[in-house]
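# Fold and geometry: a report
For reference, the chains in residue letters:
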Amino acid sequence: MHETLWNLRYALRTLRRNPVLSAAIVLTLALGIGANVAIFGVVNAALFRPLPFADEGRIVRIQLSPADESVGLAPGTEAFQFFRRNARSFASIAGQLYTSLTMTTDAGPERVAGIGVTDGWSEALGIAPALGRDFTAEEERQGRGSGVLLLSDGMWRERFGADRGIVGRTLRLDGELFTVVGVMPPGLTYPYEAELWFPLDPERDVRGPWAFNIPARLAPGVDAAALAADLDLVTEAARREIPDRVEGLHYTATPLREEITHGEEGKVVALAAAVGFLLLIVCANVANLLVARSAARRRELAIRASLGADRWRQVRQLLTESLLLGLAGGALGLALAAVAAPLLEPLLPGDLAVEVVDGVPLDLRVVAFTLAASVLASLLFGALPSLRLAGSDPKTALAAGRSGGADRGSLALGRWLVVGEIALSLSLLTGAGLMLHDFRRLHDLDLGYPADELLTFRLSLDEERYDEPAERGRLWERVVEATQRAAEVRSAGVTSIFPSNDGNTLSGIELEGETPLPGERRLVNRRAVSPRLLQTMDLALLRGRLLTPSDREGTVPVAVVSRSMAERFWPGDEAVGKRFRLSNARESDGAAWLTVVGVVADLREAYDEAEGTLYLPMDQSLDGADSLEATLVARLAPGATTAAASIRAAVAGVDPDLPLFHQATALELHSEALAQQQSAATLTGLFAGLGLLVAVVGVYAAMAQAVTRRRNEIGVRVALGSDRRRILGRVLGEGVRLIALGGALGSLGAWGLARYLSSALTEVGGLEPGVFGTTLALLGGAALAACLVPAWRATRIDPVTALKGD
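Residues numbered from 1 in each chain as written. Predicted model: local features only at pLDDT ≥ 70, side-chain atom pairs only at ≥ 80, totals over all residues. Heavy atoms only, no water.

For helix 17 (residues 469-485), spanning 17 residues, the distance from its first C-alpha to its last is 25 Å, which sits close to the expected 24 Å at 1.5 Å a residue. Here helix 17 has its buried residues at Arg472, Gly473, Leu475, Trp476, Val479, Val480, Ala482 and Thr483. Residues of helix 17 that are buried sit in contact with strand 12 (454-460), strand 13 (489-495), strand 21 (629-636) and helix 20 (643-654). (Helix = DSSP H or I, 4+ residues; strand = E, 2+ residues; numbered from the N terminus. Expected span 1.5 Å × (residues − 1). Buried < 20%, exposed > 50% of the residue type's maximum accessible area, 1.4 Å probe, protein only. Contact = heavy atoms within 4.5 Å.)

Take a look at the structure:
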């Protein structure tokens, strides 16, 4: 203990004697450690921090999947009810149903996202209100008719100013009065970015083919094998009793965390691995600074050795100094990470940031990581210089005099550290270049429609008010007509799903004349659209015709399909005239045979769950959920500036209680879908830039030290008539050799990192020659520029002054 305290006091005095160098090292470490702590905060939230659900590891989401489990489908009412009655592996099973509601306030109608929940909901998820109370058993039995609801914390704060007197107040939703009984915990909006929850009776409150999000809590003692066996038994029973609802599908269970993160945790881990290179570059740079200082400390340590201090005691002393520097850098890095935390939310995978986690928390796990990273960094940058310096021969060090230069071993170590910095920087720059290149390709993809000309609005109908299909049809028709008359609008239409990240609707289909194989499920994207929607989105007609106003209820059911769907199901044949039907509905439910009347060009879907898209006439889909939620799409005239206001006024003229929400251009929706990739690419580029800067500074320091060490030699060469250009070439040659060796080693690291990142990238599959060549040229050019200044200074050495100094 006495030795430790003495080492600490001596280390503090030593660092105070070199304030500029100590501050430079601490700031450099703060950048490297802070970047890693910030990204670990995201990893912590994605992988380690418990979700706000009790015993989350026992919660799964139940879905229906085809044989290859390529996609999970939300079960309809019958499939949900059947599973709930027959599954035996669960302590609680609940249903959650998304509902868009219109809340009427003094400011006018506005849309809110509501979730109807069945009894057992809070038990299945293990959640409870933070303010007020949960639903009672009687309220759950009454369903929506109970007239009670729970608010999300965000809605409570944003719309009601966090008024704790909200409990007991009434709100008007879809023309009905609801009483607020509680407020949910902060950050929780699961599922579907919910703003409120209300009880739901699936027998009385659900009409039409709505699909349920089904959380289920495993019963005690149920393991993976027992769960799989139970799911198989329920699937077999469902195929016998409700075959039309589960045809070609089977029940699956996905762990809740995997469901919420969409299995995208690998992208965050890949980013963390890339940022780890920055810390290695920083450690190499700091080690090089310590090696450069070794000449000044060799005499000091030689005197201590002559007085009886053994090598390992001196190593412990030097490592104590490194530890103090590392801890100071870590503390400052943690502060920088705390400041950057709000900017990192877009990096959270899946729906964590919008449904579960309230920001990127800096909890004890992050503090522990900071401490571990600081200690590890101290060992990385302090071990080699300490061992090298403490192992110097005292006689040689004392003979070198107070101004003696660094020994050859230390100089060689410094050069190898520079080589390591260059190699690591090249690897990090290449990784960042690949991520930026991947994002650029995604951003510049041909979407298949003029995204810069389309303005979109989301709309949701009051199911109680527009309960008749004919009323919905007339409303959508009037909305489109009014929008087309609005100023600066060239064309308009509505679609049940717009190609963005707001969701997707899949349907299984059966081809006429073909019998699907057992367990086969042919899935396509389904869109219900108004007649002019395809023209508004400028989808090229390849064969046949487009949808027209004559494709109405009571006429022959028709569909337009995308080129990829036509090629997938009718390869080498003419798709127009072929017939198919939706396989997840009985004939009595309207599963009539649909005739393909046209084939249009593909467009870029935000989800790649299915290959191919079918477009159904909205007027032939009015009895389903497709006609209750829609996106209004308006194609604007060039230079439009007032179109949004005129469209809102036009729609208000049709129905003043119909809210328009989530106004965005199609280009903005595309950018929203790429927010995570953009944030990851931007941050990695920033970290790579810092790594490049640190590496270039390291190259400059090494070359400056080399010129200082060879000052007398260069002076002699000049005095003997050596050409200054030859001196410039010799000094640059030494730098070029270091750069070339670092580039060669870095090429191997870049190749390995590219293979690692390929699983997290979409449009880039490996080490792209163009990206690698650009980063290699950037690093080589910057490093060579760092060598030029010391080399030029070498040519300006005055031989008389240099020889006098000798």
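Text resumes after the structure shown.
Let's shift gears to the pattern of salt bridges. Using the criterion set out here, one finds 28 salt bridges in the structure. The partner of Asp119 in a salt bridge is Arg84, and the shortest N-O contact between them spans 3.2 Å. Here Arg84 lies in helix 3 (residues 77-86) and Asp119 lies in the loop between strand 4 (108-117) and helix 4 (121-125), a separation of 35 residues in the sequence. Judged by relative accessible area, Asp119 falls into the partly exposed class, the value being 36%. One salt bridge in this structure joins Glu139 and Arg133, with 2.8 Å as the shortest N-O distance. Through salt bridges that share partners, Glu110, Arg159 and Glu195 make up one connected network. (Salt bridge = Lys/Arg side-chain N within 4 Å of Asp/Glu carboxyl O.)

Right, let's talk about the environment of Leu125 for a bit. For Leu125, the position within the fold is in helix 4. The buried category is assigned to Leu125, whose relative accessible area is 0%. Dropping the residues within four chain positions of it, Leu125 is found in contact with Phe53, Ala54, Ile59, Gln96, Tyr190, Pro215, Arg217 and Leu256.

Bringing the environment of Leu150 into the picture now. Mapped onto the elements of the fold, Leu150 is located in strand 6 (residues 148-151). With a relative accessible area of 0%, Leu150 lands in the buried category. Along the backbone, Leu150 and Ile115 are 35 residues apart, and their C-alpha atoms lie at a distance of 9.8 Å. The contact partners of Leu150, leaving out residues within four places of it in the chain, are Trp121, Pro129, Arg133, Asp134, Phe135, Val181, Gly182, Val183, Met184, Glu195, Leu196 and Trp197.

The next thing to look at is the pairing of strand 4. Every other side chain in a regular strand lies on the same face of the sheet, so the side chains alternate between the two faces. Inspection of the sheet shows strand 3 (residues 96-105) paired to strand 4 by 10 bridges, in the antiparallel sense. Within the sheet, the bridge partner assigned to Thr99 lies in strand 4 and is Gly114. Between strand 3 and strand 4, which pair antiparallel one after the other, the connecting turn spans 2 residues. When strand 4 meets strand 9 (residues 196-199), the two strands line up parallel, connected through 4 bridges. Paired with Gly114 across the strands is Leu196, a residue of strand 9. (Pairing = 2+ DSSP bridges.)

The volume enclosed by the second largest pocket comes to roughly 290 Å³. Taken together, 17 residues line the second largest pocket, and the ones lying closest to its centre are Ala38, Ala340, Leu683, Leu686 and Phe687. Sorting the residues of the lining of the second largest pocket by element identifies helix 2 (19-48), helix 12 (311-340) and helix 22 (675-709) as the ones contributing at least two each. (1 Å grid on protein atoms, 1.4 Å probe; cavity = no way out; pocket = protein on both sides within 12 Å on 5 of 7 lines; lining within 4 Å. Points joined across faces, edges and corners; volume = space filled by probe spheres on them.)

All right, on to the packing of aromatic side chains then. One pass over the full model with this rule turns up 13 aromatic pairs. For the pair Phe80 and Phe212, a centre-to-centre distance of 4.7 Å together with 25 degrees between the ring planes defines the contact as stacked. Of this pair, Phe80 sits in helix 3 while Phe212 sits in the loop between strand 9 and strand 10 (214-218), and the two are 132 residues apart along the sequence. Of the two residues examined, Phe80 and Phe212, each falls in the buried class. A connected cluster of aromatic rings, assembled from ring pairs, spans Phe40, Phe48 and Phe369. (Phe/Tyr/Trp six-rings, centres within 6.5 Å; stacked < 30°, edge-to-face > 60°.)

With that settled, consider the confidence of the model for the chain. Do not read the fine detail of predicted coordinates wherever pLDDT is low. Per-chain confidence: the chain averages 84 in pLDDT, with 86% of residues scoring 70 or above. Note on residues 401-405: pLDDT under 50 across the span, and 5 contacts to partners over four residues away in sequence or across chains. Between residues 585-589, whose pLDDT stays under 50, and residues either more than four places distant or in other chains, the model counts 10 contacts. (pLDDT = per-residue confidence, 0-100.)

Checked against the element boundaries, Arg526 lands in strand 15 (residues 523-529). Side chain to side chain, Arg526 and Ser507 meet in a polar contact 2.4 Å long. (Polar contact = N/O pair within 3.5 Å; in protein donor to acceptor, adjacent residues only side chain to side chain.)

This part is about unusual backbone geometry. Residue Tyr190 is joined to Pro191 through a cis peptide bond whose omega torsion reads -5 degrees. For Pro191, the location among the structural elements is in the loop between strand 8 (176-183) and strand 9. Even without glycine at this site, Glu193 takes up a positive phi of about 55 degrees. Turning to its location among the elements, Glu193 is positioned in the loop between strand 8 and strand 9. A positive phi angle, close to 50 degrees, is found at His662, a residue other than glycine. Secondary-structure assignment places His662 in strand 22 (residues 660-665). For His662, a relative accessible area of 31% translates into the label partly exposed.

If you look at the biggest cluster of nonpolar residues, it comprises 114 residues, and the most contacted ones within it are Phe53, Trp121 and Phe381. Considering every element that reaches this core, the biggest residue donor is helix 10 (residues 265-292), with 15 residues. Leave out the neighbours within four places in its chain, and Phe381 touches Leu29, Cys283, Val286, Ala287, Leu290, Ser322, Leu325 and Gly326. One finds Val60, Leu131, Leu249 and Leu658 within the second-largest nonpolar core, a separate group that totals 81 residues. (Core = buried A, V, L, I, M, F, W, Y, C linked by side-chain atoms within 4.5 Å.)

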